4 protein chains.
Amino acid sequence: MDVWHETEIRVRYAETDQMGIVHHSNYLIWFEQGRSDLCRTKGFSYKAMEEEGNALMVVAESYVRYKSPAFYEDLLTIRTRAAEVRSRSVRFVYEVFRAADSMLIAEGETHHLVTDDKKKVRVLPEIYRKLLTGEGLGEPVPADMPPG
Amino acid sequence: MDVWHETEIRVRYAETDQMGIVHHSNYLIWFEQGRSDLCRTKGFSYKAMEEEGNALMVVAESYVRYKSPAFYEDLLTIRTRAAEVRSRSVRFVYEVFRAADSMLIAEGETHHLVTDDKKKVRVLPEIYRKLLTGEGLGEPVPADMPPG
Amino acid sequence: MDVWHETEIRVRYAETDQMGIVHHSNYLIWFEQGRSDLCRTKGFSYKAMEEEGNALMVVAESYVRYKSPAFYEDLLTIRTRAAEVRSRSVRFVYEVFRAADSMLIAEGETHHLVTDDKKKVRVLPEIYRKLLTGEGLGEPVPADMPPG
Amino acid sequence: MDVWHETEIRVRYAETDQMGIVHHSNYLIWFEQGRSDLCRTKGFSYKAMEEEGNALMVVAESYVRYKSPAFYEDLLTIRTRAAEVRSRSVRFVYEVFRAADSMLIAEGETHHLVTDDKKKVRVLPEIYRKLLTGEGLGEPVPADMPPG
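The structure contained in this document is the topic of the report that follows. None of the values given here were measured: they were computed from a predicted structure.

Let us now look at the overall build of chain A. Secondary structure assignment for chain A yields 3 helices and 5 strands. When its helices and strands are written in sequence order, chain A yields β-α-α-β-β-β-β-α. Here chain A holds 148 residues, and 57% of them are scored as buried. Long-range pairs, those at least 24 residues apart, make up 68% of the contacts in chain A with a sequence separation of at least 6. Carbon and sulfur atoms provide 51% of the accessible area of chain A, an area that totals close to 6,200 Å².

And the structure:
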């Protein structure tokens, strides 16, 4: 069972810099898009969790290892996985591959604290914890299943 | 009498693209920084206007004319002017110069609607209108004078 | 025959600002992605045109009219059209719609000068001009056909 | 003796997200601005090193620890230090403070490989290594001293 969620993105011109490659700050934005997509696949919207669940996943730490440059128009796969789901924190890990040559472009991780909208640390609501871990859903839910 | 407000910025590496020049989307961000600085100079904080005055200046239109490329590490001057202050809308105009050779890099304008935090159009609070126009501050400050 | 090319994007968290809506600078980046996709659909890569054709389409002017705010996770359609293809310049026009409610989010245009890699204005190579206009291809090519 | 270089920046509106705080990807851009400024202070331009020295400092790893949120209009100090200057790699460390309350906002580090413009790893030219370490400039400048 593959627990990675995959998101496809195409490198935008604006994401390159004068070195002719993707600027390294963009990987954090792609990771975030990967997290967002993973949540949708797990059955909930990150947006709804913020608005209805009053639970924000504030980024506490980020780490990126840049393995090989990515270029304008590259079609990339962002692989995202909820590596650790605790009561007040979540850790996601990521891998970025280029579709054309299966090259590993980057890998990384982000560590999040769960807070309310006043930025106070709180417990991750049970429903989101279960959806993220797939626990108590009878059938294990492979992360690469289509949403819906 | 010069009614332009000047803001200095240095071009960041991340603002360049693979053409080796500043990506054209950054000018809108610099214009915004120019507006922000202009407000501070006029005696109020754009942030306070949003939070305390419940008045947001939502961007309704933007226009940029790119005259000459800017490069990494260039020291640029953003000149900003409140060209038109109406009861429910404000128009700012901008010029971007490079300090080193006085080259005109870009010029543009943005048109804003005044709204409350529900995005409903409202009247610009009197205090901000007066501060923006300089009206009632002893010396009238013409808002429509040509630069220089 | 519909000459608009359509590109789908999903709004990223990083593209929002503290007003809770998409920051207005992102539309220029989406327009660029629309142009890029349009070229691919027309049978050539913008990247190849830069590298092999030594022809860059430098942005000379941009105009955006923001009609309605877009939000995090919105699925948007960027419609792009080459409105004017001249020997040394090209003008693209754009419309941004939200899929969910068919709301017009923004519209705009960009005007480009064709230059070589030294930023010297040059004639757009015949092959790209023909591909952009669809001229001399026997059958008219509707812009909404899938690439390939 | 303080070996940290300090750069002041003011938070831009575009750098905030809908959480009402600075988006976490911007710290990497600020760190880069810190490096850039540090080089200028040390007597050379990063731009010149790329163009004349044919030496690029490609980012191989980045790490950021977000301690406290930063807000629109905050005046921040980016402290940058070349923590390790080796023949083919350089490591910079950073701290971000808010001027108003001396709050530590973030800390991080980036690890760089020295390459030529073909992205091939090479030795950091002697002149830049000496300027970065302060070696051979009369007074030795310890690169590993604690801040303050």
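Now that the structure is up, let's keep going.
Turning our eyes to something else, we now look at the interface of chain C and chain B. Across the boundary between the two partners, chain C contributes 24 residues, which contact 24 residues of chain B. Here chain C packs against chain B, burying approximately 2,200 Å² in sum over the two surfaces, 58% of which is carbon and sulfur. For the interface between chain C and chain B, the tally reads 0 salt bridges. Counting across the interface, chain C meets chain B through 12 residue pairs in polar contact (both at pLDDT 80 or more). Secondary structure elements with two or more residues in the side of chain C that touches chain B: α1 (26-42), α2 (46-51) and β2 (56-66) of chain C. Here the element with the most residues in the side of chain C that touches chain B is β2 of chain C; it accounts for 11 residues. Grouping the constituent residues of the side of chain C that touches chain B by class yields 13 nonpolar, 5 polar and 6 charged. As paired strands, strand β2 (residues 56-66) of chain B and β2 of chain C are joined by 5 bridges and run antiparallel to one another. Bridge pairing in β2 of chain C links Arg 65 of chain B to Glu 61 of chain C.

Let's shift gears to the relation of the copies chain C and chain B. Between the two copies, chain C and chain B, the superposition gives an RMSD of 0.0 Å; the rotation angle is 180° and the shift along the axis is 0.0 Å. Both copies of the chain, as the preceding transformation shows, are related through a two-fold rotation axis. Across chain C, the smallest distance between a C-alpha and the rotation axis is recorded for Tyr 63 of chain C, namely 2.2 Å. Both copies present the same face, since 100% of the interface residues in chain C are matched by interface residues at the equivalent positions in chain B.

A word on the environment of Glu 95 of chain A. Residue and element names in this part refer to chain A. Tracing the sequence through the fold places Glu 95 in strand β4 (residues 89-98). Taking relative accessible area as the criterion, Glu 95 reaches 18% and is therefore assigned buried. As a C-alpha pair, Glu 95 and Val 58 span 37 residues in sequence and 21 Å in three-dimensional space. In this structure Glu 95 touches Trp 4, Thr 77, Ile 78, Arg 79, Leu 104, Ala 106 and Glu 107, once residues within four positions along its chain are discounted.

Looking now at the interface of chain D and chain A. Counting residues at the interface gives 24 residues for chain D, matched by 24 residues for chain A. Among the residues of chain D in contact with chain A, Met 19, His 24 and Tyr 66 of chain D are the three that bury the most area, contributing 26% of the side total. Seen at the junction of chain D and chain A, the total is 12 residue pairs in polar contact (both at pLDDT 80 or more). Sorting the residues of the side of chain D that touches chain A by element identifies α1 (26-42), α2 (46-51) and β2 (56-66) of chain D as the ones contributing at least two each. Examining the composition of the side of chain D that touches chain A, we find that 11 residues originate from one element, β2 of chain D, more than from any other. Grouping the constituent residues of the side of chain D that touches chain A by class yields 13 nonpolar, 5 polar and 6 charged.

With respect to topology, 10 strands assemble into an open sheet ordered β1(A)-β3(A)-β4(A)-β5(A)-β2(A)-β2(D)-β5(D)-β4(D)-β3(D)-β1(D), the strand pairing being antiparallel. For this open sheet the edge positions go to β1 (5-10) of chain A together with β1 (5-10) of chain D, each flanked by a neighbour on one side alone. Taking the axes of each pair of neighbouring strands and ignoring which way they run, one obtains an average angle of 25° across the sheet. Where helix α3 (residues 126-133) of chain A meets the sheet, it contacts β3 (75-85) and β4 of chain A, and its direction lies at approximately 125° from that of β3 of chain A.

Spatially, β1(B)-β3(B)-β4(B)-β5(B)-β2(B)-β2(C)-β5(C)-β4(C)-β3(C)-β1(C) is the arrangement adopted by the 10 strands of the open sheet, whose pairing is antiparallel. What marks the edges here is a single partner per strand, and that holds for β1 (5-10) of chain B together with β1 (5-10) of chain C. Each adjacent strand pair in this sheet contributes to an overall mean axis angle of 25°, direction not counted. For strand β3 (residues 75-85) of chain B and strand β4 (residues 89-98) of chain B, the ladder comprises 9 bridges, and the chain directions are antiparallel. Considered in β4 of chain B, the bridge of Val 85 of chain B is made with Val 90 of chain B. Against the sheet, helix α3 (residues 126-133) of chain C engages β3 (75-85) and β4 (89-98) of chain C, with an angle of about 125° to β3 of chain C.

In screw terms, the move from chain D to chain A is a rotation of 180° and a rise of 0.0 Å along the axis, fitting with an RMSD of 0.0 Å. Counting the interface residues of chain D, we find that 100% of their copies in chain A are interface residues as well, pointing to one common contact surface.

The next point concerns the pairing of strand β3 (residues 75-85) of chain D. Residues and elements named next belong to chain D. Within β3, 8 of the 11 residues are buried, which leaves the element mostly enclosed by the surrounding structure. Pairing of β1 with β3 involves 6 bridges; the strand directions are antiparallel. Residue pairing across strands places Glu 6 opposite Arg 79, the latter belonging to β3. Connecting the antiparallel pair β3 and strand β4 (residues 89-98) is a turn made up of 3 residues.

This paragraph deals with the nonpolar core. Soluble globular proteins tend to bury their nonpolar side chains together. Among the nonpolar cores identified, the biggest contains 76 residues, and Tyr 27 of chain B together with Tyr 27 of chain C are the most heavily contacted of them. For Tyr 27 of chain B, the contacting residues outside a window of four places in its chain are Val 22, Val 64, Tyr 66, Ser 68, Ala 70, Val 96, Ile 105 and Ala 106 of chain B. Grouped together as the second largest cluster of nonpolar side chains are 75 residues, Tyr 66 and Val 96 of chain A, Tyr 13 of chain B together with Val 64 of chain D included.

Another point: unusual backbone geometry. Of note in this structure, Asn 54 of chain A is not a glycine but carries a positive phi near 50°. Mapping Asn 54 of chain A onto the fold places it in the loop between α2 (46-51) and β2 (56-66). A positive phi angle, near 70°, is found at Lys 119 of chain C, a position not held by glycine. Relative to the helices and strands, Lys 119 of chain C is located in the loop between β5 (104-115) and α3.

A few words now on helix α1 (residues 26-42) of chain B. The α-helix winds at 3.6 residues per turn, so residues separated by three or four positions along the chain end up facing the same way. All names here are of chain B. Between its terminal C-alpha atoms α1 stretches 24 Å, which fits the 24 Å expected from 17 residues at 1.5 Å a residue. Counting buried positions along α1 yields 14 of 17 residues, so the element is predominantly enclosed. Two residues or fewer past α1, Gly 43 is found with a positive phi of approximately 110°.

This part covers the packing of aromatic side chains. How two aromatic rings sit relative to each other is given by the distance of their centres and the angle of their planes. Under the counting rule described, the total for this entry stands at 28 aromatic pairs over all chains. Measuring from ring centre to ring centre gives 5.1 Å for Phe 44 of chain A and Tyr 128 of chain A, while their planes differ by 55°; the resulting arrangement is tilted. Linking Phe 44 of chain A in the loop between α1 (26-42) and α2 with Tyr 128 of chain A in helix α3, this pair joins segments that are 84 residues apart in sequence. Each member of the pair, Phe 44 of chain A together with Tyr 128 of chain A, is buried. Their ring planes at 75° and their centres at 5.3 Å tell us that Tyr 27 of chain C and Tyr 66 of chain C sit as a pair that is edge-to-face. Of this pair, Tyr 27 of chain C sits in helix α1 while Tyr 66 of chain C sits in strand β2, and the two are 39 residues apart along the sequence. Given a relative accessible area of 3%, Tyr 27 of chain C falls into the buried group. Three or more aromatic residues link up through ring pairs in this structure, and these residues are Tyr 13 and Tyr 72 of chain A together with Tyr 46 of chain C. The residue whose ring lies beneath Arg 81 of chain A is Trp 4 of chain A, and the NZ or CZ to ring-centre distance is 4.9 Å.

Conventions used here
Residues numbered from 1 in each chain as written. Chains lettered and ligands numbered in written order. Predicted model: local features only at pLDDT ≥ 70, side-chain atom pairs only at ≥ 80, totals over all residues. Heavy atoms only, no water. Helix = DSSP H or I, 4+ residues; strand = E, 2+ residues; numbered from the N terminus. Buried < 20%, exposed > 50% of the residue type's maximum accessible area, 1.4 Å probe, protein only. Contact = heavy atoms within 4.5 Å. Areas by Shrake-Rupley, 256 points an atom, 1.4 Å probe, with all protein chains shown as cover. Buried area = accessible area lost by both parts, 1.4 Å probe. Salt bridge = Lys/Arg side-chain N within 4 Å of Asp/Glu carboxyl O. Polar contact = N/O pair within 3.5 Å; in protein donor to acceptor, adjacent residues only side chain to side chain. Nonpolar A, V, L, I, M, F, W, Y, C, P; charged D, E, K, R; others polar. Pairing = 2+ DSSP bridges. Least-squares fit on C-alpha atoms with pLDDT ≥ 70 in both. Axes fitted to C-alpha atoms, helices over the stretch in contact; angles between N-to-C directions. Core = buried A, V, L, I, M, F, W, Y, C linked by side-chain atoms within 4.5 Å. Expected span 1.5 Å × (residues − 1). Phe/Tyr/Trp six-rings, centres within 6.5 Å; stacked < 30°, edge-to-face > 60°. Lys NZ or Arg CZ within 6 Å of the ring centre and 35° of its normal.

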